[in-house]
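Structural overview
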Amino acid sequence: MPVSRFTANGFARNSPMSVDPDPRRLAVPSWLVSAVFHAVLMVVLAIVLQMESRTGAAPERTAEVGIVLRHQQGEKDYFEGPESQSDRQQHESSDDRASDAQDTAGLAEAIAEAPPSDPTDALPTGLPRLGPGDLEGGGIGSAGGAANAAGGRTSHKAGGEARTSVFGLEGEGYKFVYVFDRSASMGGSGFTPMDAAKGQLLASLAGLEETHQFQIIFYNERPWRFQPTGDPDRLLFATERNKTLAERFIRGVTADGATRHEDALLAALRLSPDVVFFLTDADEPKLYPPQLTKIARRAAGVTIHCIEFGVGPQQDPNNFLVQLARQNGGRHAYVDTTKLNR
C-alpha cells in the first residue's frame, strides 16, 4: 500500500484528487512580456507617423493665441487682448491713415459739391464798421487799426513778403496757417460766426501771391486739413488753382462737434509757418498753463495771432487766448458776434 504524502493544500501527491502540472507548460518571464508590449507600441507609432507623412498632415504645434475683440467707439477702433508694441504702432498708423483718408474724402466731396465762385460772395455785406469798441485788444497791442476788419486785406512788402490780416490783426511773412474753430458753437441760424470767419479767410487768401504759402485747418474734436495733394502736412503755394480749391473747401465746412484746441495748434506749428491766425469762440475746454507752455516751446518764434468770438463785451481780459498771443509775439482781438449781421 503506497504511502500518501500530503502537500500544503491538504491533498496527497498521489491522491486521485491531486492535479499534476503539465510538464510541457513553460513559465513566461515578466520582462519578456513587457519587451513585446513596447515593441508592438513602437511599431504602431511608426505606422501612424508614416501615414501622416504620406497624407501631408503637419505635426501639431502649439502657440500662444490671443483673442482680439474689436468694437467701434466714435471715430477710433479699440483693441482688447495680447498685443505687442509693434502691433499697437501699426494700429495707430492705420488710424492716422484712416483719418487722413477721411479728410481727403471730405475735401473731395466739398470740392465736388461747391462750384467755383467769386470769393467776395462769402464776405459779410452791410456789416457795421468794426472799431476799438467791437474789436478789443485784450491787453495785447491796440485794436484801433481794425476799423476795416470786415474785409481782411493783403498788401506786400519789399522783398516779396506779404502783409495779410484777419479781423484787423496783421501778419507778415511768406507762410501762413489759418486755424479756425468749426465746433457746433460756431454755427447757428442766419448769418453765423462761421460765415463771418469764412469771409475773412477768403479775403485774406485772395491777396496772397504765388510766392507765398498757406494751409487751412478747421477743427472740432480733431483737425480737418486742406489737402488737395493728399499730404496733410505740407504748405501749398497760393496759385490761382490752389486758391480756387481752397475756396471750395472752405465753403464745404460746416459747424459741428466739440472743441479740442491743442491738437489743431500743434498740427499748424509742425508746418513751421511765419504766422498762425487762430480763431475760436473760446468754448470749453480752455488751454491751461502747461499746454500753453508746450505750444510756446513748439512755436519757437512763430507768431500766433488770436481772434476770439464772443457774445457781448469781453468778460475776461486775460483769458487763455490773450496769454497765447502774448507768449508767441502775436496780438489778440475780441469780436462781439452780435454785431456780425448782414
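Coordinates for the structure precede this section.
Residues numbered from 1 in each chain as written. Predicted model: local features only at pLDDT ≥ 70, side-chain atom pairs only at ≥ 80, totals over all residues. Heavy atoms only, no water.

Digging into the nonpolar core
Across soluble globular proteins, you tend to see nonpolar side chains buried next to one another. Which entries qualify depends on this criterion: We call a set of buried Ala, Val, Leu, Ile, Met, Phe, Trp, Tyr and Cys residues a nonpolar core when their side-chain atoms join them within 4.5 Å. With a 1.4 Å probe rolled over the protein chains alone, any residue whose accessible area is under 20% of its type maximum counts as buried; one over 50% counts as exposed, and the rest are partly exposed. Numbered from the N terminus, helices here are DSSP runs of H or I no shorter than four residues, and strands are runs of E no shorter than two. Contacts are assigned to residue pairs that have any heavy atoms within 4.5 Å of one another.
Among the nonpolar cores identified, the biggest contains 36 residues, and F167, Y178, L205, F214, I216, F218 and I307 are the most heavily contacted of them. Elements with a minimum of two residues in this core: β5 (162-166), β7 (175-181), α3 (193-206), β8 (213-219), α4 (240-251), β11 (275-280), β12 (303-310) and β13 (332-336). In terms of residue count, the dominant contributor to this core is α3 (six residues). Contact partners of I307, with chain neighbours within four places excluded, come to V166, F167, L169, F277, F278, L279, T280, A333 and V335. With 25 residues, the next largest nonpolar core counts Y219, A267, I295 and A299 among its residues.

Some remarks on the packing of helix α6 (residues 289-299) against helix α7 (residues 320-327)
Using the following cut-off: Where helices are involved, their axes are fitted lines through C-alpha atoms of the stretch in contact, as for all axes, and angles between N-to-C directions lie from 0 to 180°. Each angle receives one of four descriptions, namely roughly parallel if under 35 degrees, roughly antiparallel if over 145, roughly perpendicular if within 65 to 115, and oblique otherwise. Each crossing is labelled by how the near helix is turned from the far one, with a counterclockwise turn of less than a right angle marking it left-handed and a clockwise turn marking it right-handed.
Where α6 meets α7, the closest approach of the two axes is 10 Å, and the angle between their N-to-C directions is 30 degrees. Taken together, the axis directions place α6 and α7 in an arrangement best described as roughly parallel. Two packed elements cross with a definite hand, and for α6 against α7 that hand is right-handed. Residues L292, T293, I295 and A296 of α6 pack against F320, Q323, L324 and Q327 of α7.

Description of the packing of aromatic side chains
The line we're drawing: We call Phe, Tyr and Trp rings a pair once their centres come within 6.5 Å, taking the six-membered ring for Trp, and we label the pair stacked below 30 degrees between planes, edge-to-face above 60, and tilted otherwise.
By the definition in use, this model includes nine aromatic pairs. Judged by centre distance (5.5 Å) and plane angle (15 degrees), the ring pair of Y178 and F277 falls under stacked. Placement of the pair is Y178 in strand β7 and F277 in strand β11, with a sequence separation of 99 residues. Both residues of the pair, Y178 and F277, belong to the buried class. Where W224 meets F249, the ring centres are 5.1 Å apart and the plane angle is 40 degrees; that geometry is what we call tilted. Here W224, found in strand β9 (residues 223-225), pairs with F249, found in helix α4; they are 25 residues apart in sequence, far enough to count as distant. Residue F249 is classed as buried on the basis of its relative accessible area of 0%.

Some details on the environment of L202
Tracing the sequence through the fold places L202 in helix α3. L202 gets classed as buried once you look at its relative accessible area, which sits at 4%. Here the alpha-carbon distance between L202 and K243, two residues 41 residues apart in the chain, equals 8.7 Å.

Points about α4
Spelled out, the test is: Any helix carries an expected span of 1.5 Å times its number of residues minus one.
Its twelve residues place the ends of α4 17 Å apart at the C-alpha level, agreeing with the 16 Å of an ideal helix rising 1.5 Å per residue. Among the residues of α4, N242, K243, L245, A246, E247, R248, F249 and I250 are the ones counted as buried.

Purely geometric numbers; function is a separate question.
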